[in-house]
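Single-letter residue listing:
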Protein chains: 2
Amino acid sequence: MTFSYNQLFTFTEAVFRSIGCPEDDATLATETLLAADLRGIDSHGVARLVGYVRLWEAGRINPTPRVGVTYETPSTAVVDGDGGLGLVVGPKAMRVAIEKARLVGTGWVSVKNSNHFGIAGYHAMLALAHDMIGVAMTNASPLVAPTHSLDRLLGTNPIAVAVPAGEQPDFVADLATTTAANGKLEIAQRKQLPVPEGWVQNADGSPSTDANAVKNGGALLPLGGATGSHKGYALGAVVDIFSAVLSGANYGPWVPPFVAFLQPPTDPVGQGLGHFFGAMRVDAFRPADEFKAHMDNWITTFRNAHAMEGKKILIPGDPEREMAAVRLLGGIPLLDAVIKDLESVGQKFGVKLQ
Amino acid sequence: MTFSYNQLFTFTEAVFRSIGCPEDDATLATETLLAADLRGIDSHGVARLVGYVRLWEAGRINPTPRVGVTYETPSTAVVDGDGGLGLVVGPKAMRVAIEKARLVGTGWVSVKNSNHFGIAGYHAMLALAHDMIGVAMTNASPLVAPTHSLDRLLGTNPIAVAVPAGEQPDFVADLATTTAANGKLEIAQRKQLPVPEGWVQNADGSPSTDANAVKNGGALLPLGGATGSHKGYALGAVVDIFSAVLSGANYGPWVPPFVAFLQPPTDPVGQGLGHFFGAMRVDAFRPADEFKAHMDNWITTFRNAHAMEGKKILIPGDPEREMAAVRLLGGIPLLDAVIKDLESVGQKFGVKLQ
């Protein structure tokens, strides 16, 4: 079944209002969350609304956070999310980065005491309208085993980088530092299909193609899989350090789980989970027009190179942008299970999905 | 055969002096180049000295560059390498980043008109002594095919991030954004061994395990290999954009080849090749002692997690640091072919390797 963006927006905003978010925050959280559905990252959109509500019910989300800077220099800041929705804390922290970039060329903000922030790409893209390059990262619930580890010590820790172009659509890279995102695993579980080698390992560390391996004590594998997982591990580690060791959030195995039925560790090393944001004015390096003309040339050169038969060379961000155009017009398809979840959340608050 | 660090230093410094480098630059270039040999990245060390000399003979390296800032804001700069050795331009640009970080919290420097700069990790590590996080990237000769491409449009474009710790050794990630570095391919070629799937493709884009595939018109594959090369492609693209589109260097297929027998493209889109450097004061985010204590905790937590039988969980930088300790004491082993190359270079300038 398919819903229009506006239908989902009205519903989601009402739910966020119902858990106590002020109007502006409810709107902002909705915009952030639905960016995932629009761009085809279905695992990170309204499908997670029920998860956020359960975290709120468990007292683990503050609907009225006072998000603010607690430490700063001209080009850096630490933002305390005050236990709020990452969907709200993220864009507010990104604004701080953008404001600093306006003043001194770049701005870099590490965030503590936050929660899951939706898709990283959305936050990075907030810089584009200001002719800035945007960077966004976050740590996440520990599901990933570093190379040679049996323990799960890292999240899927995504990195997003958005770069403005001129005539061409913007460049938007957004990637988990694992071979596969957890959402892809969930799809294989639902369809009862095996997963490719290099995605997961069993609890004893042996290679696995079982989509349920992580559920059964195994782990997701860092980007690079069988022969290069040390690289994905290093990248995921950098995301963890920038997001949490710089800010004073929880890192590694201490990152609080997203699911409300798992308790956060009782010996936290910081506050909430952490993000890291950056904004760089392109005209802090060269005139913006010049930069954008070369980005256009970069993009068309890559797009027009010789491709394998029947294939296209994509620019990072192409599939998501094309999906957003389709879904804005034609609506957003939701799985029955997701609709059921949303309806039960709606019932709780007297909000109808219509 | 094994040589002491001092033997190689004296020899290499004399060679750089012979091609016309001023004394300080010759020392700096030698230190940068030999950091690779010390840390066990043999492909990027003295084995390449003959390559740099040949580039100089071809008139493609300026031994007396005036390296300087051409554009800046409080937290950013573009540095023009004036066609100098990347081994010299890199550390000088990193100094600019460090100085800006001292003043406004972070410094970000994009470099044009440079050349190959050795190992990225060395440059990132220059920040450590200042209690700063160091970042270093560079673009490189196009050998890598983006996902679905038959053309080689990117280099192995490495990313390095160095993070200071307290009692523990520093964290140093340094990774090519390809599944395998070109050096590993060369080793397989020499030993006439096949390479694992996901490292290379043939000229027609088909998967290959032939170590000679790149020589025969094929390409290296981005990090992620068969199921996730779009992620390595996106990361390599970010490195290319930060290093060259920001600075005004050549990008993508226009990056000049390292080998002197291949001519640079006749229609350059910029000057030389590009690097990108960053320095972030850790106390621009929280007190340095606090940060370092948490880094120590991060490191020991990961190091002491449950490992696979007979395996150790390594912290990024561990193998290279251990290798450097061994080689400083016990010397640096060189292959016969490398010694022969060095001797022929030495003969040219009347310098003995002894």
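In case you missed it, the structure is sitting above this.
Keep in mind the model is a prediction, meaning the values are calculated, not measured.

Digging into the packing of helix H3 (residues 49–57) of chain B against helix H10 (residues 336–349) of chain B
In a packed pair of helices, the relevant descriptors are the angle between the two axes and the axis-to-axis distance. All names here are of chain B. Between H3 and H10, the shortest axis-to-axis distance is 9 Å and the interhelical angle comes to 40°. What the angle tells us is that H3 and H10 run oblique. Touching Leu49, Val50, Val53, Trp56 and Glu57 of H3 are Asp341, Leu342, Val345, Lys348 and Phe349, all from H10. Of the residues contributing to the contact of H3 with H10, the split by class is 7 nonpolar, no polar and 3 charged.

Let's talk about empty space enclosed by the protein
A probe as big as a water molecule, rolled over the atoms, marks out the empty space that is left. Throughout the structure, instances matching the rule amount to 1 cavity of 30 Å³ or more. When its volume is computed, the largest cavity comes out at roughly 340 Å³. Together, 21 residues line the largest cavity, and Val135 and Met137 of chain A together with Val135, Met137 and Phe242 of chain B are the ones closest to its centre. Within the residue set of the lining of the largest cavity, elements represented by two or more residues are strand E5 (132–138), strand E6 (159–163), helix H7 (225–245) and strand E11 (273–281) of chain A together with strand E5 (132–138), strand E6 (159–163), helix H7 (225–245) and strand E11 (273–281) of chain B. Taken together, the residues that form the lining of the largest cavity break down as 21 nonpolar, no polar and no charged.

Brief notes about helix H10 (residues 336–349) of chain A
Residues and elements named next belong to chain A. Helix length check: H10, at 14 residues, gives a terminal C-alpha distance of 20 Å against a target of 20 Å (1.5 Å per residue), a fit within 8%. Within H10, the full set of buried residues consists of Val338, Ile339, Leu342, Val345 and Gly346. One face of H10 carries all of its buried residues, which in axial projection span an arc of 125°. Looking at H10, the residues exposed on the side facing more than 90 degrees away from the buried face are Asp336, Ala337, Lys340 and Gln347. Residues of H10 that are buried in the fold lie against strand E1 (2–3), helix H1 (5–18) and helix H3 (49–57).

Points about the interface of chain B and chain A
How big an interface is tends to be expressed through the accessible area that disappears when the partners come together. Taken together, the contact pairs 82 residues of chain B with 82 residues of chain A. Note on chain B versus chain A: buried area summed over both sides is about 6800 Å², and carbon and sulfur give 70% of it. Three residues stand out in chain B for area buried against chain A, namely His148, Lys231 and Phe285 of chain B, and they jointly supply 12% of the buried area on that side. Counting across the interface, chain B meets chain A through 0 salt bridges. Applying the counting criterion to the chain B and chain A interface returns 32 residue pairs in polar contact (both at pLDDT 80 or more). Among the elements that line the side of chain B that touches chain A, the one with the most residues is H7 of chain B, at 13 residues. For the side of chain B that touches chain A, the per-class residue count stands at 51 nonpolar, 23 polar and 8 charged.

Here is what the cut-offs are and how they apply
Residues numbered from 1 in each chain as written. Chains lettered and ligands numbered in written order. Predicted model: local features only at pLDDT ≥ 70, side-chain atom pairs only at ≥ 80, totals over all residues. Heavy atoms only, no water. Axes fitted to C-alpha atoms, helices over the stretch in contact; angles between N-to-C directions. Helix = DSSP H or I, 4+ residues; strand = E, 2+ residues; numbered from the N terminus. Parallel < 35°, antiparallel > 145°, perpendicular 65-115°, else oblique. Contact = heavy atoms within 4.5 Å. Nonpolar A, V, L, I, M, F, W, Y, C, P; charged D, E, K, R; others polar. 1 Å grid on protein atoms, 1.4 Å probe; cavity = no way out; pocket = protein on both sides within 12 Å on 5 of 7 lines; lining within 4 Å. Points joined across faces, edges and corners; volume = space filled by probe spheres on them. Expected span 1.5 Å × (residues − 1). Buried < 20%, exposed > 50% of the residue type's maximum accessible area, 1.4 Å probe, protein only. Arc of directions from axis to C-beta. Buried area = accessible area lost by both parts, 1.4 Å probe. Salt bridge = Lys/Arg side-chain N within 4 Å of Asp/Glu carboxyl O. Polar contact = N/O pair within 3.5 Å; in protein donor to acceptor, adjacent residues only side chain to side chain.

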